Amino acid sequence: MAMEEGKEPGFRLNQSRPLPLKLLQVFLLFLVFGLGISITSMYMFRFFGIQNVVPAAISKSNMIYPCFEEPNDIENWIKPPSNLMHRMNDTELLWRASFVPRLKKYPFARTPKIAFMFLTKGPLPLAPLWERFFKGHEGLYSIYLHSFPPYVGNFTASSVFYKRQIPSQLVEWGRMSMCDGERRLLANALLDISNEWFILLSEACIPLQNFSIIYRYISRSRQSFMGSFDEPGPFGRGRYNFQMQPEVTLEQWRKGSQWFEVNRRLAYMIIADTTYYPKFKKFCTPACYVDEHYFQTMLSIRVPHLLANRTLTWTDWSRGGAHPATFGKADITEAFFKKMFEGQPCDYNNQPTTVCFLFARKFAPSALDPLLQLSSKVFHF
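Residues numbered from 1 in each chain as written. Predicted model: local features only at pLDDT ≥ 70, side-chain atom pairs only at ≥ 80, totals over all residues. Heavy atoms only, no water.

Enquirer: Looking at this model, I keep getting lost on the pattern of salt bridges. Mind explaining?
Expert: A side chain of one charge can pair with a side chain of the opposite charge if their charged atoms are brought near each other. Counting across every chain of the model gives eight salt bridges. Note that Asp90 and Arg184 form a salt bridge whose closest N and O atoms lie 2.7 Å from each other. Of this pair, Asp90 sits in helix 3 (residues 90-97) while Arg184 sits in helix 5 (residues 176-190), and the two are 94 residues apart along the sequence. Arg184 sits in the buried class, given a relative accessible area of 5%. (Salt bridge = Lys/Arg side-chain N within 4 Å of Asp/Glu carboxyl O. Helix = DSSP H or I, 4+ residues; strand = E, 2+ residues; numbered from the N terminus. Buried < 20%, exposed > 50% of the residue type's maximum accessible area, 1.4 Å probe, protein only.)

Take a look at the structure:
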């Protein structure tokens, strides 16, 4: 019966076969082994093969970018430039310097500094006097030098003027290039977030007080010191060009000293101005001397309440002419400065005071030695 059904004794159709199971086990073993080799090869390439790849990448692009970069911290934003000799042109510089934080409160400890900005023709013959003035007050001031190219200062590494020269261009007396130089100084100084006050000086200027008095005087003032007044004569309103309307009217036209002190807010206004600059550049040319009218008029229109309407720099115009008097070695006496200090009173924070000037000009190189001899007794530094 079993033979007739075509089946051998003991044979069943649903019986499991051991051979396929063994093949499956062998397949899984090879799969695991292959994955192990692949992972090992990948790590070996990363740690050994990359040494042959990196030099080729460097030689082609000179730059390798990491997959992950460290996040910027606040130090990257508040640290002043380590090198003042940047490659920005004036347009790029003014744009970069015009960044203004919207929040007034600083999220870090900030010590406000005074930026001393020297607009010079070349050397600083009175530098030893300024060195004595600045000594011991590190961290409370910054220095910026704008010299006529191609002059390069040769100050030693111990000098406060060492590497404080900014990229400069030629400036001409009475023309807009003079104001361009002043705006260039302001813009470079604004790159240091700690600079709060900005003083324009020349190589012929000297300090009349010690650093502590000047710092306290400027930091406590509620106004900036920009001379701005209406002069009806030929050297005031007589320089006005009616083509400056409607931006500037005759009634708004102002005159004042070139030498100023402004706070950070006003410094931003000066370097970011695009409304008044074109008018003054085109219509205020000699015998209209733009450095005596541009900033003075613009600020008196925009923020008259923030101006003290006087300069902090004493200048003697009593001898007449287009330029003020210059003082040399024979002029430097105690009596000379006593007369200077006994000038007309002025207002400080809406109160009368006899301390009206913190700086003076013009002093010749020959005045240096007697100035150094008198500095401790007359200037108290």
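Enquirer: Sorry if this is basic, but what is going on with the packing of aromatic side chains here?
Expert: For any two aromatic rings, the description comes down to two numbers: the centre-to-centre distance and the angle of the planes. The tally for this structure, following the rule as stated, stands at 39 aromatic pairs. Arranged with centres 6.2 Å apart and planes meeting at 40°, the rings of Phe116 and Phe211 form a pair that is tilted. Of this pair, Phe116 sits in strand 1 (residues 113-120) while Phe211 sits in helix 6 (residues 211-219); the two residues are 95 residues apart in sequence, bridging distant segments of the chain. The class for Phe116 is buried, based on a relative accessible area of 0%. Ring geometry for Tyr240 and Phe242: centres 5.1 Å apart, planes at 80°, overall edge-to-face. Arg164 extends its terminal NZ or CZ atom over the ring of Tyr144, reaching a point 5.2 Å from the ring centre. (Phe/Tyr/Trp six-rings, centres within 6.5 Å; stacked < 30°, edge-to-face > 60°. Lys NZ or Arg CZ within 6 Å of the ring centre and 35° of its normal.)

Enquirer: What is the right way to look at the sheet that holds strand 4 (residues 206-207) in this model?
Expert: In a beta sheet, neighbouring strands pair by backbone hydrogen bonds and run either parallel or antiparallel. The strand order across the open sheet formed by three strands is 4-9-6, and the pairing between neighbours is mixed. Edge positions in the open sheet fall to strand 4 and strand 6 (313-314), since each of these has one partner strand only. Pairing of strand 6 with strand 9 (residues 359-360) involves two bridges; the strand directions are parallel. Among the inter-strand pairings, Thr313 is bridged to a residue of strand 9, identified as Phe359. (Pairing = 2+ DSSP bridges.)

Enquirer: Any chance you could explain the state of the cysteines here in plain terms?
Expert: For the structure shown, the criterion picks out two disulfides. Through a disulfide, Cys284 is tied to Cys288; the S-S separation comes to 2.0 Å. In this structure, the disulfide formed by Cys284 and Cys288 twists by about -80° around the S-S bond and is classed as left-handed. Each bonded cysteine of the protein is numbered by sequence order, and under that numbering the disulfide pairs are 1-2, 3-4. Of the cysteine sulfurs around Cys179, a residue in no disulfide, the closest is that of Cys284, at 8.1 Å. (Disulfide = S-S within 2.5 Å.)

Enquirer: Explain unusual backbone geometry to me, please; I cannot follow it from the model alone.
Expert: Negative phi characterises most residues that are not glycine, and trans characterises most peptide bonds. Backbone torsion omega between Pro149 and Pro150 reads 10°, so that peptide bond is classified as cis. Mapped onto the elements of the fold, Pro150 is located in the loop between strand 2 (141-147) and helix 5. Residue Arg361 is joined to Lys362 through a cis peptide bond whose omega torsion reads 10°. Within the fold, Lys362 resides in the loop between strand 9 and helix 11 (368-379). Not every positive phi belongs to a glycine, and Asn349 is a case in point at roughly 55°.

Enquirer: Looking at this structure, how should I read the sheet that holds strand 2?
Expert: What the four strands build is an open sheet, ordered 2-1-3-5; its pairing is mixed. Across the chains shown, the open sheet's two edge strands, defined by having one partner strand only, are strand 2 and strand 5 (261-263). Recorded for the sheet is a direction-independent mean angle of 20° between the axes of neighbouring strands. The strands touched by helix 4 (residues 127-134) are strand 1, strand 2 and strand 3 (195-201); relative to strand 1, the strand with the most contacts, the crossing angle is about 180°. (Axes fitted to C-alpha atoms, helices over the stretch in contact; angles between N-to-C directions. Contact = heavy atoms within 4.5 Å.)

Enquirer: Any chance you could explain the nonpolar core here in plain terms?
Expert: Across soluble globular proteins, you tend to see nonpolar side chains buried next to one another. In this structure, Met117, Leu186, Phe198, Val262, Phe280, Tyr294 and Leu299 are the most contacted members of the largest nonpolar core, which totals 50 residues. Those elements that place two or more of their residues in this core are helix 3, strand 1, helix 5, strand 3, helix 7 (264-272), helix 8 (277-283) and helix 9 (294-302). The greatest single-element share of this core, amounting to eight residues, is contributed by helix 5. Not counting chain neighbours up to four residues away, the residues in contact with Val262 comprise Leu186, Glu196, Trp197, Phe198, Ser224, Met226, Ala267 and Ile270. (Core = buried A, V, L, I, M, F, W, Y, C linked by side-chain atoms within 4.5 Å.)

Enquirer: How should helix 5 be read in this particular structure?
Expert: The α-helix advances 3.6 residues per turn, and as a result positions three or four apart in sequence lie on the same side. Here helix 5 contains 15 residues, and its C-alpha end-to-end distance of 21 Å stays within 8% of the 21 Å for a straight helix at 1.5 Å per residue. The element helix 5 is extensively covered by neighbouring structure, given that 15 of its 15 residues are classed as buried. (Expected span 1.5 Å × (residues − 1).)

Enquirer: I'm lost on the pairing of strand 2 in this one. Help?
Expert: Side-chain direction in a regular strand flips from residue to residue, so the side chains alternate between the two faces of the sheet. Taking burial as the measure, the seven residues of strand 2 include seven buried ones, the bulk of the element. Every second residue of strand 2 is oriented toward a common face, with Tyr141, Ile143, Leu145 and Ser147 on one face and Ser142, Tyr144 and His146 on the other, all of them buried. Bridge count for strand 1 against strand 2 is seven bridges, and the pairing is parallel. If you follow Leu119 over to strand 2, its bridge partner there is His146.

Enquirer: Which parts of the structure should I look at to understand the environment of Ser257?
Expert: Locating Ser257 in the fold gives a position in the loop between helix 6 and strand 5. Since its relative accessible area comes to 24%, Ser257 is described here as partly exposed. When the C-alpha atoms of Ser257 and Thr311 are compared, they prove to be 6.6 Å apart, with 54 residues separating the residues in sequence. Excluding anything up to four places from it in sequence, Ser257 contacts Gly227, Gln296 and Thr311. One polar contact links the side chain of Ser257 to the main-chain amide nitrogen of Trp259, over a distance of 3.1 Å. (Polar contact = N/O pair within 3.5 Å; in protein donor to acceptor, adjacent residues only side chain to side chain.)

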